[in-house]
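The chain contents come next:
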Amino acid sequence: EDQVTQSPEALRLQEGESSSLNCSYTVSGLRGLFWYRQDPGKGPEFLFTLYSAGEEKEKERLKATLTKKESFLHITAPKPEDSATYLCAVQGVSGGYNKLIFGAGTRLAVHP
Amino acid sequence: DAGVTQSPTHLIKTRGQHVTLRCSPISGHKSVSWYQQVLGQGPQFIFQYYEKEERGRGNFPDRFSARQFPNYSSELNVNALLLGDSALYLCASRYAGGQETQYFGPGTRLLVL
């Protein structure tokens, strides 16, 4: 069964204090791994898609990396506006349709 | 270009009632999926529609149904509402044609009393 586990559940950082969020997954044939940002009461906002182990993508202070078993979202010198819940999701080949399996998310709070 | 739009934004119903939620995908996107997100959890897959046909269904009871129209917009219907159906309902659209990324709308917050 496809599964995603995110850690930590919550993370508190000081502004400028870099850190990493972890996403461990098991999937029967990875079609894609996705990172989203979600603000309270809003829909998930797309950040990155990764397709194969060794792939990396960057956007401003965020960098996502992928191995065969996990993905990391690195946050460099975060600012208070980076505070949000970060969701990781995978899509496998089973079922033949586009079903995303999400983790429970990491709640990030960045304090000035 | 406009993103995925959903209506209504908020809804309050009582147990046993029926609800219809609506979604318009990004222009050019032919695939629409529905997800349910309970507070504190990640979204859970309910349905995927592509070219007006159901392509996948998650582990939800038959009280949940959906359809997709010729303009690729979609409706999610839930009958005989239960307190446990209270959640944020999310619609996501995808271009298809090899592009796997799904883009989400703002969601509809449903409260069942």
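Residues numbered from 1 in each chain as written. Chains lettered and ligands numbered in written order. Predicted model: local features only at pLDDT ≥ 70, side-chain atom pairs only at ≥ 80, totals over all residues. Heavy atoms only, no water.

Q: Can you help me understand the overall build of chain B in this one?
A: Summing up its helical and strand segments, chain B has zero helices and eleven strands in all. Moving toward the C terminus, one meets the helices and strands of chain B in the order β-β-β-β-β-β-β-β-β-β-β. The C-alpha atoms of chain B give a radius of gyration of 13 Å, which matches the 13 Å a tight globule of 113 residues would have. In terms of principal-axis extent, the alpha carbons of chain B reach across some 40 × 25 × 25 Å. Across the 113 residues in chain B, those meeting the buried criterion constitute 51%. Partitioning the intrachain contacts of chain B with sequence separation of at least 6 by distance along the chain shows that 52% fall at a separation of at least 24. Here chain B has roughly 5,400 Å² of accessible surface; of this, 49% comes from carbon and sulfur atoms. (Helix = DSSP H or I, 4+ residues; strand = E, 2+ residues; numbered from the N terminus. Rg over C-alpha atoms; globule rule 2.2 N^0.38 Å. Buried < 20%, exposed > 50% of the residue type's maximum accessible area, 1.4 Å probe, protein only. Contact = heavy atoms within 4.5 Å. Areas by Shrake-Rupley, 256 points an atom, 1.4 Å probe, with all protein chains shown as cover.)

Q: Would you explain unusual backbone geometry in this entry?
A: What is expected of a backbone is that most residues other than glycine have negative phi and most peptide bonds are trans. In this model, Ser7 of chain A is joined to Pro8 of chain A through a cis peptide bond whose omega is -10°. As for its position among the elements, Pro8 of chain A is in the loop between strand E1 (3–7) and strand E2 (10–14). In this structure, Pro8 of chain B follows Ser7 of chain B across a cis peptide bond, with omega equal to -10°. Along the chain, Pro8 of chain B falls in the loop between strand E1 (5–7) and strand E2 (10–13). One non-glycine residue, Ala77 of chain A, adopts positive backbone phi at about 45°. Position of Ala77 of chain A relative to the elements: it lies in the loop between strand E8 (70–75) and strand E9 (84–92). With a phi angle near 50°, Glu51 of chain B is a residue other than glycine that sits in the positive phi range. Mapped onto the fold, Glu51 of chain B is located in the loop between strand E5 (44–50) and strand E6 (53–57).

Q: For this particular structure, what's the right way to read the environment of Gly28 of chain B?
A: By the element assignment, Gly28 of chain B lies in the loop between strand E3 (19–24) and strand E4 (31–37). Sequence spacing of Gly28 of chain B and Leu111 of chain B is 83 residues, and the spatial spacing of their C-alpha atoms is 32 Å.

Q: What is the right way to look at the interface of chain B and chain A in this model?
A: If you look at the interface, chain B gives 23 residues, while chain A gives 20 residues. Between chain B and chain A lies a buried interface of about 1,600 Å² when both sides are counted; carbon and sulfur atoms form 52% of it. Taken together, chain B and chain A are joined by one salt bridge. One salt bridge in this structure joins Arg31 of chain A and Glu100 of chain B, with 3.0 Å as the shortest N-O distance. Across the contact surface, chain B and chain A share eleven residue pairs in polar contact (both at pLDDT 80 or more). (Buried area = accessible area lost by both parts, 1.4 Å probe. Salt bridge = Lys/Arg side-chain N within 4 Å of Asp/Glu carboxyl O. Polar contact = N/O pair within 3.5 Å; in protein donor to acceptor, adjacent residues only side chain to side chain.)

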